[in-house]
Amino acid sequence: MQRSRHGRAKTSSYTADGQRQPGRARQRAYLIAALPDGDHDDLAELHELLRTAGVAGVGELIQRRQHPHPNTYIGPGKLEELKADLARADANLVACDDELSPRQERNLEAALGVPVIDRTAIILDIFASHAHTAEGKLQVELAQLEYNLARMRGLWSHLERLGAGRIDGGIGTRGPGETQIETDRRLARDRISGLKRKLVHVQASRSVMRAQRERAHLPSVALAGYTNAGKSTLLNALTGASAGVGDRLFHTLDPTTRVLRAGGRDYLLTDTVGFIRKLPHQLVEAFGATLEETRRADMILHVVDASVDEDELLEMTRAVEDVLHEIDADEAPRLLVLAKADQVGAERRAELENRHPDAVLVSSLTGEGLTELIERIEDEFARALQEVELLIPFDEGGRLAELHEIAGDLERKETPGGVHVVARLPASVAARYERFMLQPHG
Ligand SMILES: Nc1nc2c(ncn2[C@@H]2O[C@H](COP(=O)(O)OP(=O)(O)OP(=O)(O)O)[C@@H](O)[C@H]2O)c(=O)[nH]1
Ligand SMILES: [Mg+2]
């Protein structure tokens, strides 16, 4: 797995429920996972997530079991072993590679005597510290609240039972515990609906921008892919933009759109949030509007870091495909872009060509493959273009300007009845020009 060790993210630490507490002593995490036999996953990615969150990994334990233990995630025997390991490594935190049920989390904490955080809480925390725009912050807070609401339910359920059992019916049944639960939940739900309202408001302005772009009918291309694959760097290399780049996970959260000019035609290229294995569903839901950019694209460039080995590459591409499917971005044509070619040796290069014959190998650093990538984008759209012959009356001058913008170079000739134009248009756009059509071409 390609992992660079330089560049440390800012330090943050956690309370048991995944809330970040800046300024506290640095956290030393022990990493745990329960994996079935034959699962070759390792904890490198969890290490990288923790590094991005500013937490040190000081040891790891992988238990082989078909399913995680329902009460304690790892089995009771291993739990004892882990407790001794924690003391030896002087760990003050346990980080689990899966999302834990509230019960598992509570039991683990009770047994181990240190805070336990799960993969979802870590990812949410990273998102929270990388969110800059109003929309990004609101989306992350919404995801965190949804996550906490589920924990709250679990956390309080034993108190509820306690309250109900203590006094059977009548006045006083609603003990302080239960009242508190309901208050907390109501507050959380109120906050969630408040956030959703604010988000609708914030997103309205972005959809105005999108509507303007769509009116221009420029073909749109979205960069999608695993986090840290090199999407933002590629956007910069292709368009001369200066989108933020960083060797840390989830550097980009907010979409950036730039114009890519190729073959006399403009394309809109959008870079957006990266994906990861086991991407928390709360984030997928909360980031619905951001992911919309990918869903609405006419074409998707699936960017993958080609400097990793084939198994890892397949796993990352599969994780991305799963999310694309989950957000209904299945329909647009997809092109696999193997990034960071400068990090790939001759042997692996041959293997990549062999295993991914349709993909394009590029390096944003050396510029290798970028011309071919642009050609492939042009080809993809050219295939979907339809040649039309139009007669635009002189009093519809606006139409001509619009056509220019959509179709780039036009073949045009002034005739007594108007401007005679031959243009290659996307089918959807061609339909809008039907009344000017002289004869459709194939
Ligand atoms: N050697 C090499 N490194 C690259 C290349 N492209 C990107 N990188 C590095 O890979 C890291 C991640 O690049 P980004 O462009 O931020 O990746 P991203 O896919 O936008 O990542 P997120 O926004 O975090 O999801 C940075 O350290 C880049 O400098 C490349 O072509 N060659
Ligand atoms: Mg990025």
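Residues numbered from 1 in each chain as written. Chains lettered and ligands numbered in written order. Predicted model: local features only at pLDDT ≥ 70, side-chain atom pairs only at ≥ 80, totals over all residues. Heavy atoms only, no water.

K.L.:
Could you clarify how one ought to interpret the coordination of the magnesium ion (ligand 2) in this entry?
P.N.:
Metal coordination angles in their ideal form are 109.5 degrees for the four-donor tetrahedron and 90 or 180 degrees for the six-donor octahedron. Only Ser-232 (OG) and Thr-252 (OG1) from the protein coordinate the magnesium ion (ligand 2), and they sit 2.0 to 2.1 Å from it. Here Ser-232, found in helix H7 (residues 231-239), pairs with Thr-252, found in the loop between H7 and strand E6 (256-262); they are 20 residues apart in sequence, far enough to count as distant. (Donors = N, O, S within 2.8 Å, 3.2 Å for Na, K, Ca; no water. Helix = DSSP H or I, 4+ residues; strand = E, 2+ residues; numbered from the N terminus.)

K.L.:
Explain the site of ligand 1 to me, please; I cannot follow it from the model alone.
P.N.:
Close contacts around ligand 1 come from 22 residues, with Lys-231, Thr-233, His-251, Thr-252 and Asp-342 the closest. Phe-250 is positioned such that a nitrogen or oxygen atom in its backbone is 3.2 Å from an oxygen atom of ligand 1. At a separation of 3.0 Å, an oxygen atom of ligand 1 approaches a polar side-chain atom of Lys-340. Alone, ligand 1 offers 660 Å² of accessible surface; in the complex the protein occludes 89% of this. Judged by the fraction of its atoms near the pocket grid, ligand 1 is located in the second largest pocket. (Near = heavy atom within 4 Å. Polar contact = N/O pair within 3.5 Å; in protein donor to acceptor, adjacent residues only side chain to side chain. Areas by Shrake-Rupley, 256 points an atom, 1.4 Å probe, with all protein chains shown as cover. 1 Å grid on protein atoms, 1.4 Å probe; cavity = no way out; pocket = protein on both sides within 12 Å on 5 of 7 lines; lining within 4 Å. Sits in = over half its atoms within 2 Å of the grid points.)

K.L.:
So what exactly am I meant to see when it comes to the pattern of salt bridges here?
P.N.:
Two side chains carrying opposite charge are able to pair once their charged atoms lie near each other. Scanning the model with the defined rule gives 32 salt bridges in all. The shortest N-O distance in the salt bridge between Glu-396 and Arg-435 comes to 3.4 Å. Taken together, the residues span a long stretch of sequence, with Glu-396 in the loop between strand E11 (385-392) and helix H13 (397-407) and Arg-435 in the loop between helix H14 (427-432) and strand E14 (437-440) at a distance of 39 residues. The exposure class of Glu-396 is partly exposed, given its relative accessible area of 21%. According to the relative accessible area criterion, Arg-435 is exposed, its value standing at 58%. Connected through salt bridges with shared partners, the residues Glu-45, Asp-97, Asp-98, Arg-119, Arg-277, Lys-278, Glu-312 and Glu-315 form a single ionic network. (Salt bridge = Lys/Arg side-chain N within 4 Å of Asp/Glu carboxyl O. Buried < 20%, exposed > 50% of the residue type's maximum accessible area, 1.4 Å probe, protein only.)

K.L.:
What is the right way to read the environment of Leu-438 from this model?
P.N.:
Within the element layout of this structure, Leu-438 appears in strand E14. Separated by 47 residues in the primary sequence, Leu-438 and Leu-391 place their C-alpha atoms 6.6 Å from one another. Ignoring any residue separated from it by four or fewer positions in sequence, one finds Leu-438 in contact with Glu-389, Leu-390, Leu-391 and His-420. (Contact = heavy atoms within 4.5 Å.)

K.L.:
What exactly am I supposed to notice about the pairing of strand E2 (residues 56-64) here?
P.N.:
Consecutive side chains of a regular strand alternate in pointing toward one face of the sheet and then the other. One ladder, built from eight bridges, connects strand E1 (residues 28-35) with E2; its direction is parallel. Looking at E2, one finds that Leu-31 is bridged to Glu-60. You can see the chain leave E1, run along helix H1 (residues 44-52) and come back into E2, and the turn it takes is right-handed. (Pairing = 2+ DSSP bridges. Right-handed = clockwise from strand over helix to strand, strands pointing away.)

K.L.:
I tried to follow helix H4 (residues 119-130) on my own but got confused; where do I start?
P.N.:
Given 3.6 residues to a turn, an α-helix orients residues that are three or four positions apart in the same direction. Taking 1.5 Å of rise per residue, 12 residues should cover 16 Å, and H4 covers 17 Å from first to last C-alpha, within 8% of that figure. Burial within H4 is extensive, with 10 of its 12 residues counted as buried. (Expected span 1.5 Å × (residues − 1).)

K.L.:
What's the story with the side chain of Glu-135 in this structure? I'm lost.
P.N.:
Position of Glu-135 among the secondary structure elements: in helix H5 (residues 134-166). Given the relative accessible area of 7%, Glu-135 is considered buried. Ignoring anything within four residues of it in the chain, the contact list for Glu-135 reads Leu-199, Val-202, Gln-203, Arg-206, Ala-289 and Thr-290.

K.L.:
Explain the sheet that holds strand E10 (residues 360-361) to me, please; I cannot follow it from the model alone.
P.N.:
Sheets are built from strands paired through backbone hydrogen bonds, the pairs being either parallel or antiparallel. Pairing within the open sheet is mixed, and its six strands lie in the order E6-E7-E5-E8-E9-E10. In this open sheet, the two edge strands, each paired with only one partner strand, are E6 and E10. Examined bridge by bridge, E6 and strand E7 (residues 265-271) share seven bridges and lie antiparallel to one another. Among the inter-strand pairings, Val-259 is bridged to a residue of E7, identified as Leu-268. Lying on the sheet, helix H9 (residues 288-295) is in contact with strand E5 (220-225), E6, E7 and strand E8 (299-305); it crosses E5 at an angle near 120 degrees. (Axes fitted to C-alpha atoms, helices over the stretch in contact; angles between N-to-C directions.)

K.L.:
Before we go on, may I ask you to explain the layout of surface pockets in this structure?
P.N.:
One way to see where empty space is left: roll a probe the size of a water molecule over the atoms. Roughly 450 Å³ of internal volume is contained in the second largest pocket. Asn-228, Gly-230, Thr-233, Val-245 and Lys-340 are, among the 26 residues lining the second largest pocket, the residues nearest its centre. Looking at the lining of the second largest pocket, the element that brings in the most residues is H7, giving three residues. Residue composition of the lining of the second largest pocket, grouped by class: six nonpolar, 15 polar and five charged. (Points joined across faces, edges and corners; volume = space filled by probe spheres on them. Nonpolar A, V, L, I, M, F, W, Y, C, P; charged D, E, K, R; others polar.)

K.L.:
Looking at this model, I keep getting lost on a negative patch on the surface. Mind explaining?
P.N.:
Residues Glu-285, Glu-321, Asp-322 and Glu-326 make up a contiguous surface patch of negative charge. Within the fold, Glu-326 resides in helix H10 (residues 310-326). (Patch = residues over 30% accessible without salt bridge, like charges linked within 9 Å, V, L, I, M, F, W, Y side chains within 5 Å. Lys, Arg positive; Asp, Glu negative; His and termini not counted. Charge placed at Lys NZ, Arg CZ, Asp CG, Glu CD.)

K.L.:
Help me understand the confidence of the model for the chain in this model?
P.N.:
Low pLDDT means the predicted coordinates in that region are not meant to be read closely. For the chain, mean pLDDT is 85; residues scoring 70 or higher make up 85% of the total. Here residues 1-25 is a poorly scored stretch, pLDDT under 50, and it has 68 contacts once near neighbours within four places are set aside; other chains count. The model gives residues 163-169 a pLDDT under 50, and that stretch makes six contacts with residues more than four places away or in other chains. (pLDDT = per-residue confidence, 0-100.)

K.L.:
Teacher, can you tell me more about the sheet that holds strand E4 (residues 116-118) here?
P.N.:
A sheet is described by the order of its strands in space; here four strands give the open sequence E2-E1-E3-E4, paired in parallel fashion. Both edges of this open sheet fall to E2 and E4, since each of them pairs with a single strand only. In this sheet, adjacent strand axes meet at a mean angle of 25 degrees when their direction is disregarded. Bridging between E1 and strand E3 (residues 93-96) involves four bridges; their strand directions are parallel. By the bridge assignment, Leu-31 is partnered in E3 with Ala-95. Together, E1, E2 and E3 form the strand contacts of H1, whose direction differs from that of E1 by roughly 150 degrees. In the packing of H4 onto the sheet, the strands contacted are E3 and E4, and the crossing angle to E4 comes to about 75 degrees.

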